[in-house]
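# Structural features, examined
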Amino acid sequence: MTQIDLSTPKLGRKRDHSRDADILDAALEVLAETGYDGMTIDMVAARAKAGKATLYRRWPSKAELVIDAVACMKKGAYSLDDLPDTGTLRGDLVALIKPHSIVDAEKKMKVMAGLISMLSRQPDLADAANAAIIEPRASVNRVLMQRAIDRGEISPESDIEALALISPSMASYRTLILKKPVDREFLISLIDGVIMPAVGLRARAS
């Protein structure tokens, strides 16, 4: 009589995510160089020196790979555990501005242009793109503005949800639509000309 094996079935090999960062970096490089239309998952695999099957299991489509790569790029710029705390909202916002090389700025503009190209073909991914582009900075702004409320610097009636979206939305518009870099001069003008008045504060020179 055939004996039935009632032991726990063997699970498949655990997926290795240790190379995800390298693959996502490679995806950004290829996207910046070729644009969305010219980009393929095979090209990314070759750039990352990873097996094509690994990428296809993790990202079944090129669009999903692009969304994850852009989200990784944005999240890497901010850390909720290491935010500046200067004692003023303006000081905190200014302290977040990091110097970027011209090469880095140009690459980011090309990456974002590729994202827009993707969305023109797959508008159903707009929510995912919003989460990747806008939300990382908006979440930081919410924390900084809540701090300002807690210390009595701005009114508790301030609409944090709306105010937190100002800088990432305008920065994205500048990059994606106007094709201009988001530099320090632009960000300072945004802080002093838009955000400070919006929360009822007067801008002061650094």
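This write-up is about the structure you can find in this document.

Scoring rules and cut-offs
- Residues numbered from 1 in each chain as written.
- Predicted model: local features only at pLDDT ≥ 70, side-chain atom pairs only at ≥ 80, totals over all residues.
- Heavy atoms only, no water.
- Phe/Tyr/Trp six-rings, centres within 6.5 Å; stacked < 30°, edge-to-face > 60°.
- Lys NZ or Arg CZ within 6 Å of the ring centre and 35° of its normal.
- Core = buried A, V, L, I, M, F, W, Y, C linked by side-chain atoms within 4.5 Å.
- Buried < 20%, exposed > 50% of the residue type's maximum accessible area, 1.4 Å probe, protein only.
- Helix = DSSP H or I, 4+ residues; strand = E, 2+ residues; numbered from the N terminus.
- Contact = heavy atoms within 4.5 Å.
- Salt bridge = Lys/Arg side-chain N within 4 Å of Asp/Glu carboxyl O.

## Here we look at the packing of aromatic side chains
Summed over the entire model, instances satisfying the criterion amount to 0 aromatic pairs. The cationic tip of Lys62 hangs over the ring face of Tyr36; the distance from NZ or CZ to the ring centre is 4.2 Å.

## Description of the nonpolar core
Counting 36 residues, the largest nonpolar core has Val44, Leu65, Val70 and Met118 as the members making the most contacts within it. When contributions to this core are tallied by element, the ones reaching two or more residues are helix H1 (20-38), helix H2 (41-48), helix H4 (62-75), helix H6 (102-121) and helix H7 (126-133). When residues of this core are assigned to their parent elements, the largest contribution, 9 residues, is made by H1. In contact with Met118, not counting residues within four places along its chain, are Tyr36, Ala63, Val66, Ile67 and Leu125. In terms of nonpolar packing, the next biggest core, distinct from the first, is built from 24 residues, Ile97, Met145, Ile154 and Leu187 among them.

## What to know about the pattern of salt bridges
Evaluation of the coordinates by the stated rule reveals 13 salt bridges. A salt bridge links Glu33 to Arg47, with the nearest nitrogen and oxygen atoms 2.8 Å apart. Linking Glu33 in helix H1 with Arg47 in helix H2, this pair joins segments that are 14 residues apart in sequence. A relative accessible area of 53% means that Glu33 is categorised as exposed. On the accessibility criterion, Arg47 (35% relative accessible area) is partly exposed. Between Lys52 and Asp42 there is a salt bridge whose closest N-O contact spans 3.9 Å. Placement of the pair is Lys52 in helix H3 (residues 52-58) and Asp42 in helix H2, with a sequence separation of 10 residues. The class of Lys52 is partly exposed, set by a relative accessible area of 46%. Among the charged side chains, a network of salt bridges with common partners joins Asp85, Asp92, Arg147, Arg151 and Glu153.

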